[in-house]
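# Per-entry structural report
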There are 2 protein chains.
Amino acid sequence: MENNTAKNSALGTSSISYGRPVLIMGSGSIVGQMEDEGPLSGSFDKVSDDKNDMFGADSWEKAESALQKEAVAITLSKTGAETRDIRYIYAGDLLGQNIASSFGLVDYQIPLFGLYGACSTCGESLCLGSMCIAAGYADRVISLTSSHFASAQKEFRYPLEYGGQRPLYASWTVTGSAGFLLQNINASGKSVSGRPIKNEYEGKYQKKIGITGITGGRIEDFGIKDSFNMGCAMAPAAAWTIATNLKDFGRKPQDYDAIFTGDLGSVGQEALFKLLQQESIDISDRHYDCGMIIYDAEKQDVHAGGSGCGCSAVVLSAHILPKLAMGDWKRILFVPTGALLNKTSFNEGQNVPGIAHGVVIEALDGE
Amino acid sequence: MENNTAKNSALGTSSISYGRPVLIMGSGSIVGQMEDEGPLSGSFDKVSDDKNDMFGADSWEKAESALQKEAVAITLSKTGAETRDIRYIYAGDLLGQNIASSFGLVDYQIPLFGLYGACSTCGESLCLGSMCIAAGYADRVISLTSSHFASAQKEFRYPLEYGGQRPLYASWTVTGSAGFLLQNINASGKSVSGRPIKNEYEGKYQKKIGITGITGGRIEDFGIKDSFNMGCAMAPAAAWTIATNLKDFGRKPQDYDAIFTGDLGSVGQEALFKLLQQESIDISDRHYDCGMIIYDAEKQDVHAGGSGCGCSAVVLSAHILPKLAMGDWKRILFVPTGALLNKTSFNEGQNVPGIAHGVVIEALDGE
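Structure report, in brief.

### Some details on the side chain of N184 of chain B
All names here are of chain B.
- Of note, N184 is situated in the loop between β8 (176–183) and α5 (200–205).
- Given a relative accessible area of 12%, N184 falls into the buried group.
- Sequence-distant contacts of N184, defined by excluding residues within four places in its chain, comprise I133, G136, A138 and D139.

### With respect to the packing of aromatic side chains
Residues and elements named next belong to chain A.
- As enumerated under the stated definition, the model contains 14 aromatic pairs over all chains in all.
- Taken together, a centroid distance of 5.3 Å and an interplanar angle of 40° make the contact between Y90 and F113 tilted. Taken together, the residues span a long stretch of sequence, with Y90 in strand β4 (residues 88–92) and F113 in strand β5 (residues 112–114) at a distance of 23 residues.
- Residue class for Y90 comes out buried when judged on its relative accessible area of 0%.
- With a relative accessible area of 0%, F113 lands in the buried category.
- Members of the aromatic cluster, connected to one another through ring pairs, are Y88, Y90 and F113.
- For R331, the ring lying beneath its charged end belongs to Y256, and the centroid distance is 6.0 Å.

### Some thoughts on the relation of the copies chain A and chain B
- Relative to chain B, chain A is turned by 180° and slid 0.0 Å along the rotation axis, the superposed coordinates differing by an RMSD of 0.0 Å. The symmetry that links the two subunits is that of a two-fold axis.
- Here 100% of the contact residues of chain A are again contact residues in chain B; the copies associate through an equivalent surface.

### Looking at the interface of chain A and chain B
- Residue-level contacts link 64 residues of chain A with 64 residues of chain B.
- For the pair chain A and chain B, the summed buried area comes to about 4900 Å², and 59% of that belongs to carbon and sulfur atoms.
- In terms of surface lost to chain B, no three residues of chain A exceed Q97, F103 and Y137 of chain A, which account for 17% of the buried area on that side.
- On the surface where chain A and chain B come into contact, there are two salt bridges.
- For K154 of chain B, the salt bridge identified is with E348 of chain A, shortest N-O distance 3.7 Å.
- Viewed at the interface, chain B and chain A are joined by 30 residue pairs in polar contact (both at pLDDT 80 or more).
- For the side of chain A that touches chain B, the element with the highest residue contribution is helix α3 (residues 121–134) of chain A, accounting for seven residues.

### Regarding the packing of helix α6 (residues 230–249) of chain A against helix α7 (residues 265–277) of chain A
All names here are of chain A.
- Across the interface, α6 lies against α7 with an axial gap of 8 Å and an inter-helix angle of 40°. Classified by the angle their axes make, α6 and α7 are oblique. In terms of crossing hand, the pair formed by α6 and α7 is right-handed. Between α6, through G231, C232, A235, P236, A238, A239, I242 and A243, and α7, the contact on the second element is made entirely by V267, G268, A271, L272, L275 and L276.

### Here's the deal with the nonpolar core
- Counting residues in each nonpolar core, the largest one holds 111 residues, and the members touching the most others are F334 and I361 of chain A together with F334 and I361 of chain B.
- When residues no more than four places from it in sequence are discounted, the contact partners of I361 of chain A are I24, I209, G210, I211, L316, L321, L324, K330, R331, I332 and F334 of chain A.
- In terms of nonpolar packing, the next biggest core, distinct from the first, is built from 65 residues, V72 and V106 of chain A together with A237 and V360 of chain B among them.

### Focus on the pattern of salt bridges
Residue and element names in this part refer to chain A.
- Counting across every chain of the model gives 32 salt bridges over all chains.
- The shortest N-O distance in the salt bridge between E200 and K78 comes to 2.8 Å. Of this pair, E200 sits in helix α5 (residues 200–205) while K78 sits in helix α1 (residues 60–79); the two residues are 122 residues apart in sequence, bridging distant segments of the chain.
- Residue classification places K78 among the partly exposed residues on the basis of a relative accessible area of 24%.
- D285 is the partner of R286 in a salt bridge, and the nearest nitrogen-oxygen pair spans 3.1 Å.
- D285 sits in the exposed class, given a relative accessible area of 53%.
- The network of salt bridges with shared partners includes D45, K78, E200 and K204.

### Thoughts on the side chain of Q153 of chain B
- Note on placement: Q153 of chain B falls in helix α4 (residues 149–156).
- Other than its neighbours up to four places away in sequence, Q153 of chain B contacts Y158, L160, R166 and T173 of chain B.

### Details of the layout of surface pockets
- Taken as a whole, the largest pocket encloses approximately 670 Å³ of empty space.
- For the lining of the largest pocket, the secondary-structure elements that each account for two or more residues are β1 (9–11), β2 (15–31) and α3 of chain A together with β2 (15–31) and α3 (121–134) of chain B.
- Residues of the lining of the largest pocket, tallied by class, amount to 15 nonpolar, ten polar and four charged.
- Empty space within the second largest pocket amounts to approximately 520 Å³.

### Observations regarding the pairing of strand β6 (residues 140–147) of chain A
All names here are of chain A.
- Counted residue by residue, β6 has eight buried out of eight residues, so it is predominantly covered.
- Going residue by residue along β6, you find R140, I142, L144 and S146 tucked away on one face and V141, S143, T145 and S147 tucked away on the opposite face as well.
- The pairing of β4 with β6 spans five bridges and is classified as parallel. Paired with Y90 across the strands is S143, a residue of β6.

### What to know about the pairing of strand β16 (residues 358–364) of chain B
Residues and elements named next belong to chain B.
- Most of β16 sits inside the fold, with seven of its seven residues counted as buried.
- Where strand β9 (residues 208–215) meets β16, seven bridges bridge the pair, whose relative direction is antiparallel. Paired with I209 across the strands is A363, a residue of β16.
- For strand β13 (residues 331–335) and β16, the ladder comprises four bridges, and the chain directions are antiparallel. Pairing of R331 across the sheet is with E362, part of β16.

### Focus: the environment of D85 of chain B
Residues and elements named next belong to chain B.
- Looking at where D85 falls in the secondary structure, it is placed in the loop between α1 (60–79) and β4 (88–92).
- The exposure class assigned to D85 is buried, which follows from its relative accessible area of 3%.
- Within the structure, D85 has its side chain in polar contact with the backbone nitrogen of V192 (distance 3.0 Å).
- For D85, the side chain forms a polar contact with the main-chain nitrogen of S193, separated by 2.7 Å.

Cut-offs used in this document
Residues numbered from 1 in each chain as written. Chains lettered and ligands numbered in written order. Predicted model: local features only at pLDDT ≥ 70, side-chain atom pairs only at ≥ 80, totals over all residues. Heavy atoms only, no water. Helix = DSSP H or I, 4+ residues; strand = E, 2+ residues; numbered from the N terminus. Buried < 20%, exposed > 50% of the residue type's maximum accessible area, 1.4 Å probe, protein only. Contact = heavy atoms within 4.5 Å. Phe/Tyr/Trp six-rings, centres within 6.5 Å; stacked < 30°, edge-to-face > 60°. Lys NZ or Arg CZ within 6 Å of the ring centre and 35° of its normal. Least-squares fit on C-alpha atoms with pLDDT ≥ 70 in both. Buried area = accessible area lost by both parts, 1.4 Å probe. Salt bridge = Lys/Arg side-chain N within 4 Å of Asp/Glu carboxyl O. Polar contact = N/O pair within 3.5 Å; in protein donor to acceptor, adjacent residues only side chain to side chain. Axes fitted to C-alpha atoms, helices over the stretch in contact; angles between N-to-C directions. Parallel < 35°, antiparallel > 145°, perpendicular 65-115°, else oblique. Left-handed = near helix turned anticlockwise from the far one by under 90°. Core = buried A, V, L, I, M, F, W, Y, C linked by side-chain atoms within 4.5 Å. 1 Å grid on protein atoms, 1.4 Å probe; cavity = no way out; pocket = protein on both sides within 12 Å on 5 of 7 lines; lining within 4 Å. Points joined across faces, edges and corners; volume = space filled by probe spheres on them. Nonpolar A, V, L, I, M, F, W, Y, C, P; charged D, E, K, R; others polar. Pairing = 2+ DSSP bridges.

The values reported here are purely geometric and, on their own, carry no functional implication.
Okay, structure coming up:
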């Protein structure tokens, strides 16, 4: 750890460095069948047993709510926590008025801060959740996001029944949800319910994982008007957040073992590299995009890759956190990326600006 | 102040008490013509000069974005702050995918946390903004919300052109936006821009105003299915937040000079009193509803009262904060209330649950 004092610091333009890491105690992921047929097959906690990914619901929106409900249930079950052990949930999704979160979480009766950052919401929920924990406002919170291919197509583009063709630079919305239980490193081992909260990573890999800082994103608008071309719409926001994170923390790209964006896809990745090169920043040897990790783009015919709030969330849960805990990486920068639009703004000819929130996650030695 | 130490405390189920108050340095409000024809006429900072409340835009959605942009501009201008003095904005609105906020704020280039809590969003943005400031993560943030009658009708109910009749228990969405500049009490008088930040209330009334605590809300679902009957849909959430705030802080209703809900209207107010009476809590001699304050329900034919994210925001800005600064009240509890639904959830027969976030605001003596 760079920072051994217990004091949190506001750094530079938009970053916060935590005096003590905010522990990620465990995480639960659930995905659709197609997500489990890609390169990460077998690493998710739960997979749809229905080829339409309805998760027992009778509408796509309710299916997405079922995803969120289940992601919380898995997260609680893996860590041994009960609902009363969770002080706040920070959650959001892509549907209008966040209905996937509202109806997915209503039964838990846990105080909720609803968020919207498009596909950057996983980053936003980890930023605000960890800020809450590091400030000592709560011992435990859950950060949570979801997306569903069918509900997102209906919400943003064409009904699936229409059978419209998709351009090659389009991405494919991931059906999935993941929750993350964040805990104060000073929290007592005993919880509100009196049950000990288990650390999933320490249990499996003898290593803890923590969030050590964040960089809040800002809206960047490069004048993109095509709602299929989300990679290019979001690349400037990702470039701003990555460059600002490096500057605020006084780091070089090499200080991160890997830098992940959310869902730029192959087209957006190229734009990101070019934009960062203009600031003499080269991340090309350590950049990964969650949207390019989750699917085999050619075999699965997903064009530019995966997207959606759930994309970066389930890749973080099923792929990145275990690899940190296994020791493959020591410190990573996780930058989910969002495109800010809706049906109306698109039809009224507005641009598609982007936003990206950055989260610094580290494997902890000797904490 | 009850709390003279500099330490923030997590209280009870869902509340946080700040060791030092988070200063509200100033606030900017802008409303439509109808809002300025009600009982608060003359107290808003800016009023539409166009009877259609288009604010210079060519669509209702863009008009709502213009409201947010202007509310920030007024807030900055009244406090003398520049955009670079504001570290984060916490903002949200009622439109799908928060487009009023995204397109209203894009030009400011201030890091943004997008929120969605329906009409409780003003409370949510003040909760999260003050949590950020009290933790020392920022010297200054802006909390901001908006709503627009015409964009909300299009988003949630019927197009205005349809001319549908509204039931008598329906409320009227307020056209308005207000921003609040929150500042750390320990922040240096000089800002990032080097300019001194003025305290609007100290300047006008020789009194400062601060947020001294919050209570995060949770979703309460009482099975209401009628999206016009939002007062009853939100009353259980308001009751939970008020009862939890009193319990968490160890207070009686009499410890608040006034308790404000956001937009329950006359129908929801009755339900709120009944629900609280079941817990032996009587707030009837000190309860006000922003939705009942902003319009003259009979003369203006708004049925149950005003509603919308902008309703509680502009009433706080134009009415409540000045009265606190004038010494009419010493400590108030501000509880904006939100109904969680969208067109799809309503048409698919889902319930309309509610959520309400609580903010404790005090006039400060000798701080």
